Amino acid sequence: MLENKRRTMQENNMLPSHGSAFTGQAKRSVKALARRILTALIMTGALTGFVSLVASSPEAVRAGSAAPQMEGTWRVTSTIADGPPPFSALYSFSAGGTLQETDETQLLTPSAGPALGTWTKVGSNQYAFTWESYLFDFASDSPAGRLQVRGVVTITGKDTYTAVDQFAFYDTDGNITFSGCATEEATRMTVEPVTSCPGPSQSVRHVDGRSRPAKGWKN
């Protein structure tokens, strides 16, 4: 009786056979699970590869670069609130977050040296910057302090921006001697084509009315 029951269980794959540690049903379950895992891994790899391909496609690169860019040199018109007439400046924003500035007021008294600063992105189309320059008084032949300007730029187009600034003049002891606010309107400087220049054998007319051979800046 017991032998018949054992034979029946073996025939129904309910007992180990030929030294196997799993029943027939268990084997089928393990194989099915392995196939599901393998299929999932293949699908995951294919999806990852597809996403990587799309992200690196020219269209994706162009879309990522469509955001307003701060890098470059800008022609700026600065207007001080309740101050002198607007004046022109040049801002150069470099990759990595450095900034250089020069403007029409730097030769006034006190004279300002080169302006150096830093900038960073603070929004989808907004950037913040800070720059400083040393001041010098030629009348007394001595340092006169420094100027600091802080601002927030809003990109309004591919090649335009507006900004709101705060500025402060400091004496050599670090005390603020004058401060205020200003606004900026800027357009990006672009490469302009060369039109026509006199050749080596051509002549140019000078203010005295006489023609002289063209020899560059030394005419």
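Below: a short report on this structure. (Residues numbered from 1 in each chain as written. Predicted model: local features only at pLDDT ≥ 70, side-chain atom pairs only at ≥ 80, totals over all residues. Heavy atoms only, no water.)

## Things to note about the side chain of R188
- Secondary-structure assignment places R188 in strand β9 (residues 176–188).
- Here the side chain of R188 touches Q69 through a polar contact of 2.8 Å, landing on its backbone oxygen.
- A distance of 2.7 Å separates a polar side-chain atom of R188 from the backbone oxygen of E71.
- Setting aside residues no more than four positions away along its own chain, R188 makes contact with Q69, E71, G72, T73, W74, K158 and D159. (Helix = DSSP H or I, 4+ residues; strand = E, 2+ residues; numbered from the N terminus. Polar contact = N/O pair within 3.5 Å; in protein donor to acceptor, adjacent residues only side chain to side chain. Contact = heavy atoms within 4.5 Å.)

## Description of the nonpolar core
- In terms of nonpolar packing, the biggest core is built from 25 residues, with M70, Y91, F93, F129 and Y161 touching the most fellow members.
- Leaving out residues up to four positions away in the same chain, Y161 has contacts with M70, W74, V76, Y91, F93, V153, T154, I155, T156, E184, E185 and A186. (Core = buried A, V, L, I, M, F, W, Y, C linked by side-chain atoms within 4.5 Å. Buried < 20%, exposed > 50% of the residue type's maximum accessible area, 1.4 Å probe, protein only.)

## Side note on the pairing of strand β8 (residues 160–170)
- Pairing analysis gives eleven bridges linking strand β7 (residues 142–157) to β8, with the strands arranged antiparallel. Within β8, the residue paired with R150 across the bridge is Q166.
- Where β7 hands over to β8, the hairpin turn is made up of two residues, counted between the paired strands.
- In the sheet, β8 pairs with β9 via eleven bridges, with the strands oriented antiparallel. Following the sheet pairing, Y170 is matched in β9 by I176. (Pairing = 2+ DSSP bridges.)

## Some points on the pattern of salt bridges
- This model, assessed by the stated rule, comprises three salt bridges.
- In this structure, the salt-bridge partner of R75 is E192, at a minimum N-O distance of 3.7 Å. Taken as a pair, R75 in strand β1 (residues 72–80) and E192 in the loop between β9 and β10 (203–205) lie far apart in primary sequence, 117 residues in all.
- Between R146 and E132 there is a salt bridge, with its nearest N and O atoms 3.2 Å apart. With R146 in strand β7 and E132 in strand β6 (residues 126–137), this residue pair connects regions lying 14 residues apart in the sequence.
- Overall, R146 belongs to the partly exposed group, its relative accessible area being 25%. (Salt bridge = Lys/Arg side-chain N within 4 Å of Asp/Glu carboxyl O.)

## Topic: the layout of surface pockets
- Computed from the structure, the largest pocket encloses a volume of approximately 500 Å³.
- Lining the largest pocket we find 30 residues, and of these I80, F87, T105, L147 and F169 sit closest to its centre.
- Of all the secondary-structure elements, those providing two or more residues to the lining of the largest pocket are β1, β2 (87–94), β3 (98–103), β6, β7, β8 and β9.
- When residues of the lining of the largest pocket are assigned to their parent elements, the largest contribution, five residues, is made by β9.
- Taken together, the residues that form the lining of the largest pocket break down as 19 nonpolar, six polar and five charged. (1 Å grid on protein atoms, 1.4 Å probe; cavity = no way out; pocket = protein on both sides within 12 Å on 5 of 7 lines; lining within 4 Å. Points joined across faces, edges and corners; volume = space filled by probe spheres on them. Nonpolar A, V, L, I, M, F, W, Y, C, P; charged D, E, K, R; others polar.)

## Some points on the packing of aromatic side chains
- One pass over the structure, following the stated rule, counts ten aromatic pairs.
- Arranged with centres 6.0 Å apart and planes meeting at 85°, the rings of F93 and W119 form a pair that is edge-to-face. Separated by 26 residues along the polypeptide, F93 in strand β2 and W119 in strand β5 (residues 115–121) bring together distant segments of the chain. Accessibility assignment for this pair places F93 and W119 in one class, buried.
- Geometrically, the ring pair formed by F167 and F178 is tilted, given 5.7 Å between the ring centres and 45° between the ring planes. Separated by eleven residues along the polypeptide, F167 in strand β8 and F178 in strand β9 bring together distant segments of the chain.
- With a relative accessible area of 48%, F178 lands in the partly exposed category.
- In this structure, R146 packs its charged tip against the face of Y170, placed 4.2 Å from the ring centre. (Phe/Tyr/Trp six-rings, centres within 6.5 Å; stacked < 30°, edge-to-face > 60°. Lys NZ or Arg CZ within 6 Å of the ring centre and 35° of its normal.)

By themselves, these figures tell us nothing about what the structure is for.
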